[in-house]
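Fold and contact review
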Amino acid sequence: MLVAPSMLACDFARIGDEARRALISGADWLHLDVMDGHFVDNISFGPDICAAIRRAVGSDAFLDAHLMVDAPDHYYPRFIKAGVDMITVHVEREKAVNLKSLSAAIRAEGVQFGLALNPATPWEIMQPYLPMVDMALVMSVVPGFGGQKFMPQSLDKVRALKAWRETNGARFLIQMDGGIGLVQASLCGEAGADCLVAGSSTFQADDMPAVIQAIREA
Ligand code: DX5
Ligand code: ZN
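Everything quoted here is computed from the prediction, not taken from an experiment. (Residues numbered from 1 in each chain as written. Chains lettered and ligands numbered in written order. Predicted model: local features only at pLDDT ≥ 70, side-chain atom pairs only at ≥ 80, totals over all residues. Heavy atoms only, no water.)

**A closer look at the overall build of the chain**
Looking only at helices and strands, the chain has eight helices and eight strands in total. Its C-alpha radius of gyration of 16 Å places the chain within 12% of the 17 Å reference for a compact globule of 218 residues. Along the longest, intermediate and shortest principal axes, the C-alpha atoms of the chain span 40 × 35 × 30 Å. In the chain, buried positions account for 53% of the 218 residues. Taking as baseline every contact in the chain between residues at least 6 positions apart, the subset at least 24 positions apart corresponds to 65%. Element-wise, carbon and sulfur atoms account for 51% of the exposed surface of the chain, whose accessible area totals about 9400 Å². Separation between the mean location of the 18 positive side-chain charges and that of the 26 negative ones in the chain comes to 3 Å. (Helix = DSSP H or I, 4+ residues; strand = E, 2+ residues; numbered from the N terminus. Rg over C-alpha atoms; globule rule 2.2 N^0.38 Å. Buried < 20%, exposed > 50% of the residue type's maximum accessible area, 1.4 Å probe, protein only. Contact = heavy atoms within 4.5 Å. Areas by Shrake-Rupley, 256 points an atom, 1.4 Å probe, with all protein chains shown as cover. Lys, Arg positive; Asp, Glu negative; His and termini not counted. Charge placed at Lys NZ, Arg CZ, Asp CG, Glu CD.)

Now the structure itself:
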């Protein structure tokens, strides 16, 4: 299991130190939650902060950018320039954004492409895109804020995506994001998730390395 602490839950005044603290504590990836105040009802940070995090952690760390924005097709080049390793966009924007072209454009730059699914969105909408994604992200909270309660209904989508992946010989990772602590991590693992995003449960823990290790092994 990969563990990706969400920087949304860190102390923004010390963001570089916080990013390094997560990595020293055993984080596999750093999850960067980008919010534009349109797609979700919150504004977090953009490409300049992602670039600052990249400078703080050096070239080896894996930066996973989760774009909760209306126009990922407009903004993605700035995140590539910032040095992220993966860009995940929301399938709910499929009518406004050509997701197949976007996947091709992002992958052509050597950056991985992920597709995210809100709790209210049926997983089947992702099906036409699954052959061209590196990761499917199943949201287990309504996106916009950290510290919300895990929605167990999302586990069914993980099982369905895993079954689809097996049937179709695909290789994408399955990530879950929102409300994940130790108890939820074991449910996510049983359902078939490969990567867990954890914000509050990691950054607000007294012993971050122990929590990351426990989530990984849950
Ligand atoms: C929600 C974000 C999540 C969130 C996770 O919009 O996508 O990544 O910050 O934080 P916790 O783990 O606190 O739910
Ligand atoms: Zn996220």
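**Considering the coordination of the zinc ion (ligand 2)**
Looking at the zinc ion (ligand 2), one finds its protein donor set to be His31 (NE2), Asp33 (OD), His66 (ND1) and Asp177 (OD), positioned 2.0 to 2.3 Å from the metal centre. Geometry at the zinc ion (ligand 2) is octahedral, judged from the six donor atoms that bind it and their angles of 69 to 168° at the metal. In primary sequence terms, the donor set of the zinc ion (ligand 2) follows H-x1-D-x32-H-x110-D. Of the two residues, histidine 31 is situated in strand E2 (residues 29-35) and histidine 66 in strand E3 (residues 62-68); the sequence distance between them amounts to 35 residues. (Donors = N, O, S within 2.8 Å, 3.2 Å for Na, K, Ca; no water. Tetrahedral: all angles 85-135°; square planar, octahedral: opposite > 155°, others 65-115°.)

**Let's talk about the pairing of strand E7 (residues 173-177)**
Most of E7 sits inside the fold, with four of its five residues counted as buried. Here strand E6 (residues 135-139) runs beside E7; their pairing, made up of five bridges, is parallel. Paired with methionine 139 across the strands is aspartate 177, a residue of E7. Taken together, E6, helix H5 (residues 154-168) and E7 constitute a β-α-β crossover, and its handedness is right-handed. Bridge count for E7 against strand E8 (residues 195-198) is three bridges, and the pairing is parallel. Across the sheet, the residue bridging to glutamine 175 is cysteine 195, located in E8. Handedness of the E7-helix H6 (residues 182-191)-E8 crossover: right-handed. (Pairing = 2+ DSSP bridges. Right-handed = clockwise from strand over helix to strand, strands pointing away.)

**Comments concerning the packing of aromatic side chains**
For the structure on display, the rule yields three aromatic pairs. Ring geometry for tryptophan 164 and phenylalanine 172: centres 6.2 Å apart, planes at 35°, overall tilted. Side by side, tryptophan 164 and phenylalanine 172 carry an identical accessibility label, which is buried. (Phe/Tyr/Trp six-rings, centres within 6.5 Å; stacked < 30°, edge-to-face > 60°.)

**Some remarks on helix H3 (residues 72-82)**
Listed as buried for H3 are Pro72, Tyr76, Phe79, Ile80 and Ala82. Angular distribution of buried residues about the axis of H3 spans 145°; they occupy a single face of the element. At its buried positions, H3 is contacted by E2, helix H2 (47-57), E3, strand E4 (86-90) and helix H4 (99-108). Immediately downstream of H3, the backbone of glycine 83 shows phi near 95°, a positive value. (Arc of directions from axis to C-beta.)

**Brief notes about the pattern of salt bridges**
Overall, the coordinates contain ten salt bridges when judged by the stated rule. The salt bridge involving arginine 93 is made with aspartate 70; its shortest N-O contact spans 3.6 Å. One end of the pair, arginine 93, is in the loop between E4 and H4; the other, aspartate 70, is in the loop between E3 and H3, and 23 residues separate them in sequence. Under the relative-accessibility criterion, aspartate 70 is labelled partly exposed at 26%. (Salt bridge = Lys/Arg side-chain N within 4 Å of Asp/Glu carboxyl O.)

**Topic: the environment of leucine 99**
Relative to the assigned elements, leucine 99 resides in helix H4. The exposure class of leucine 99 is buried, given its relative accessible area of 2%. Taking the C-alpha atoms as reference, leucine 99 lies 9.5 Å from methionine 132; in sequence the two are 33 residues apart. In this structure, leucine 99 is in contact with Val89, His90, Val91, Glu94, Phe113, Leu115 and Tyr129, ignoring residues within four places of it in sequence.

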